[in-house]
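A structural walkthrough
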2 protein chains.
Amino acid sequence: MFSKSCEYGLRAVLFIAKQSTADTKVSLTTISESIDSPQAFTAKILQQLTKSGFVQSSKGPYGGFFIEKENLPTIKLSDIVSVLDGDSIYTGCGLGLHQCNEKEPCPLHFKFVKIRENLKNMLETNTLSMVVKDMNSDIFHLKI
Amino acid sequence: MFSKSCEYGLRAVLFIAKQSTADTKVSLTTISESIDSPQAFTAKILQQLTKSGFVQSSKGPYGGFFIEKENLPTIKLSDIVSVLDGDSIYTGCGLGLHQCNEKEPCPLHFKFVKIRENLKNMLETNTLSMVVKDMNSDIFHLKI
DNA sequence: ATAATAAAGGATAATTTTGTCCTCTATTAA
DNA sequence: TTAATAGAGGACAAAATTATCCTTTATTAT
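Below or above, wherever it landed, is the structure these notes cover. Here the structure is a predicted model, which is why all the values come from computation and not from measurement.

This next bit is on the pattern of salt bridges. Inspection of every chain in the model, using the stated rule, returns six salt bridges over all chains. Note that Lys69 of chain A and Asp23 of chain A form a salt bridge whose closest N and O atoms lie 3.0 Å from each other. Placement of the pair is Lys69 of chain A in the loop between strand E2 (64-66) and helix H4 (77-85) and Asp23 of chain A in the loop between helix H1 (4-20) and helix H2 (28-35), with a sequence separation of 46 residues. Accessibility expressed as a relative area gives 40% for Lys69 of chain A, which makes it partly exposed. With its nearest N and O atoms 3.7 Å apart, the salt bridge here joins Asp134 of chain A to Lys111 of chain B. Pair noted here: Asp134 of chain A is in helix H7 (residues 128-134) and Lys111 of chain B is in helix H6 (residues 109-125), and the two residues belong to different chains.

This is the structure in structure tokens:
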């Protein structure tokens, strides 16, 4: 479904978001240990996310990654996915055709449209605050 | 969503299925030209599909690939996807966790379940005959 | 039997994705 | 101003996916 980058990225963002509700910055080491991801690779992903503005970072002692509290209700899961995987997952043809649309559909076009709409809708309606709220229940986890 | 192998494989299977309704065998060259896929790579994919039994082949002149007519109503899209991409797309965690289930869910587990069920259902309810029927309408295409 | 056709299969190459390592820069406290 | 901490960024490496090439095997018609 998603690339490894996107999987790690989403897990990292959810972890950072959770900590940010308590105004806690988190270091790369803490993040990669908490979400069980390769550290250096995770660093690259976080670079993309800070460049895109969804995640903030500060260098030096007491530095780390965080997300501005006021942004938690506005950042959608789809924002993160778009940065890391583009939006071919929403728009691309299930059979990999370049031109596949209502007028020139592949034989599965109308069947895939529904599924993609579902996915798109789920990712666009869920904000970081909404997901973080769920994470207060301790049945949810981000590793293994 | 799917790997390139799976995209080419599905396109090839749909093309072969269509021709098979008219008892026509099709050569690799015809297939790869008709679905606009790399020929040698498509050959490898077809090897997997013949080994799995969903596609038949015969060597020599007048040979080629075909699907037994009586199998068209029983072969589901999910069968082809399973051969080429496995079924991690149905069972895998959206965030890439190894252990993610009802009891130990990732924070997005219950949201992803619905989407995966949708996809699974679509692929399992659509047989080759059903899709081939649609393909009689000439708005549908398999290339570009 | 021979030539032609077409898939099967092994070896290899190119590309993309995933992952690591090392140095540079910024920040903080002492 | 120095030492320690932590992200940024460039270069490189490993692995997986995608793709090609060439030889072998099977089948058919002549």
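Before going further, it helps to spend a moment on the protein's contact with DNA strand C. In the region of DNA strand C, 26 residues are neighbours, and Tyr8, Pro38 and Pro61 of chain A together with Lys44 and Ser57 of chain B sit closest. For DNA strand C, the backbone portion of the atoms within 4 Å of the protein, that is sugar and phosphate, comes to 61%. A distance of 3.0 Å separates a base nitrogen of DNA strand C from a polar atom in the side chain of Gln47 of chain B. Pro61 of chain B places a polar main-chain atom, nitrogen or oxygen, 3.4 Å from a base oxygen of DNA strand C. Mapped by element, the contributors of at least two residues to the surface near DNA strand C are H1 and helix H3 (39-51) of chain A together with helix H3 (39-51), strand E1 (56-58) and strand E2 (64-66) of chain B. At four residues, H3 of chain B tops the list of elements feeding residues into the surface near DNA strand C. By residue class, the composition of the surface near DNA strand C is ten nonpolar, ten polar and six charged.

Quick look at the relation of the copies chain A and chain B now. You can overlay chain A on chain B at an RMSD of 0.0 Å; the transform is a turn of 180° with a shift of 0.0 Å along its axis. Overall, the copies show the geometry of a two-fold rotation axis. The position closest to the rotation axis in chain A is occupied by the C-alpha of Met1 of chain A, lying 2.5 Å away. A share of 100% of interface residues in chain A that are also interface residues in chain B marks the association as one of identical surfaces.

Turning our eyes to something else, we now look at the interface of chain A and chain B. Contact residues are listed per partner, giving 37 residues for chain A and 37 residues for chain B. Roughly 3,500 Å² of surface becomes buried between chain A and chain B when both sides are summed, with 72% attributable to carbon and sulfur atoms. If you sort the residues of chain A by the area they bury against chain B, Met1, Pro107 and Ile115 of chain A come out on top, with a joint share of 18%. At the junction of chain A with chain B, the criterion picks out two salt bridges. Along the contact surface separating chain A from chain B lie 14 residue pairs in polar contact (both at pLDDT 80 or more). A class-by-class count of the residues in the side of chain A that touches chain B yields 23 nonpolar, seven polar and seven charged.

Attention shifts here to the nonpolar core. Most often, soluble globular proteins have nonpolar side chains that are buried together. Membership of the largest hydrophobic core comes to 45 residues, with the highest contact counts inside it found for Leu14, Ile31, Ile67, Leu77 and Leu128 of chain B. When contributions to this core are tallied by element, the ones reaching two or more residues are helix H6 (109-125) of chain A together with helix H1 (4-20), helix H2 (28-35), H3, helix H4 (77-85), helix H5 (88-91), H6 and helix H7 (128-134) of chain B. Per-element tally for this core: the top contributor is H1 of chain B, with nine residues. With residues near it in sequence (within four places) discarded, Leu14 of chain B still touches Leu95, Pro107 and Leu108 of chain A together with Leu77, Leu128, Val131, Val132, Met135 and Leu142 of chain B. The next biggest cluster of nonpolar side chains, apart from the first, holds 43 residues, and it includes Tyr8, Tyr90 and Leu128 of chain A together with Leu108 of chain B.

So, on to the packing of H6 of chain A against H6 of chain B. Where H6 of chain A contacts H6 of chain B, the axes come no closer than 10 Å and their chain directions differ by 175°. Taken together, the axes of H6 of chain A and H6 of chain B lie roughly antiparallel to each other. Here Lys111, Phe112, Ile115, Asn118, Leu119 and Met122 of chain A of H6 of chain A lie close against H6 of chain B, whose contacting residues are Lys111, Phe112, Ile115, Asn118, Leu119 and Met122 of chain B.

By rolling a water-sized probe across the atoms, one finds the places where empty space is left. There is about 330 Å³ of room inside the largest pocket. Taken together, 16 residues make up the lining of the largest pocket; nearest its centre are Met1 and Glu7 of chain A together with Ser88, Gly92 and Cys93 of chain B. Residues belonging to the lining of the largest pocket are distributed by class as follows: six nonpolar, six polar and four charged. For the second largest pocket, the calculated volume is near 270 Å³. If you trace the second largest pocket, you find 17 residues lining it, with Ser88, Ile89 and Gly92 of chain A together with Met1 and Glu7 of chain B closest to the centre. When contributions to the lining of the second largest pocket are tallied by element, the ones reaching two or more residues are helix H5 (88-91) and H6 of chain A together with H1 of chain B.

Calculation criteria
- Residues numbered from 1 in each chain as written.
- Chains lettered and ligands numbered in written order.
- Predicted model: local features only at pLDDT ≥ 70, side-chain atom pairs only at ≥ 80, totals over all residues.
- Heavy atoms only, no water.
- Salt bridge = Lys/Arg side-chain N within 4 Å of Asp/Glu carboxyl O.
- Helix = DSSP H or I, 4+ residues; strand = E, 2+ residues; numbered from the N terminus.
- Buried < 20%, exposed > 50% of the residue type's maximum accessible area, 1.4 Å probe, protein only.
- Near = heavy atom within 4 Å.
- Polar contact = N/O pair within 3.5 Å; in protein donor to acceptor, adjacent residues only side chain to side chain.
- Nonpolar A, V, L, I, M, F, W, Y, C, P; charged D, E, K, R; others polar.
- Least-squares fit on C-alpha atoms with pLDDT ≥ 70 in both.
- Contact = heavy atoms within 4.5 Å.
- Buried area = accessible area lost by both parts, 1.4 Å probe.
- Core = buried A, V, L, I, M, F, W, Y, C linked by side-chain atoms within 4.5 Å.
- Axes fitted to C-alpha atoms, helices over the stretch in contact; angles between N-to-C directions.
- Parallel < 35°, antiparallel > 145°, perpendicular 65-115°, else oblique.
- 1 Å grid on protein atoms, 1.4 Å probe; cavity = no way out; pocket = protein on both sides within 12 Å on 5 of 7 lines; lining within 4 Å.
- Points joined across faces, edges and corners; volume = space filled by probe spheres on them.

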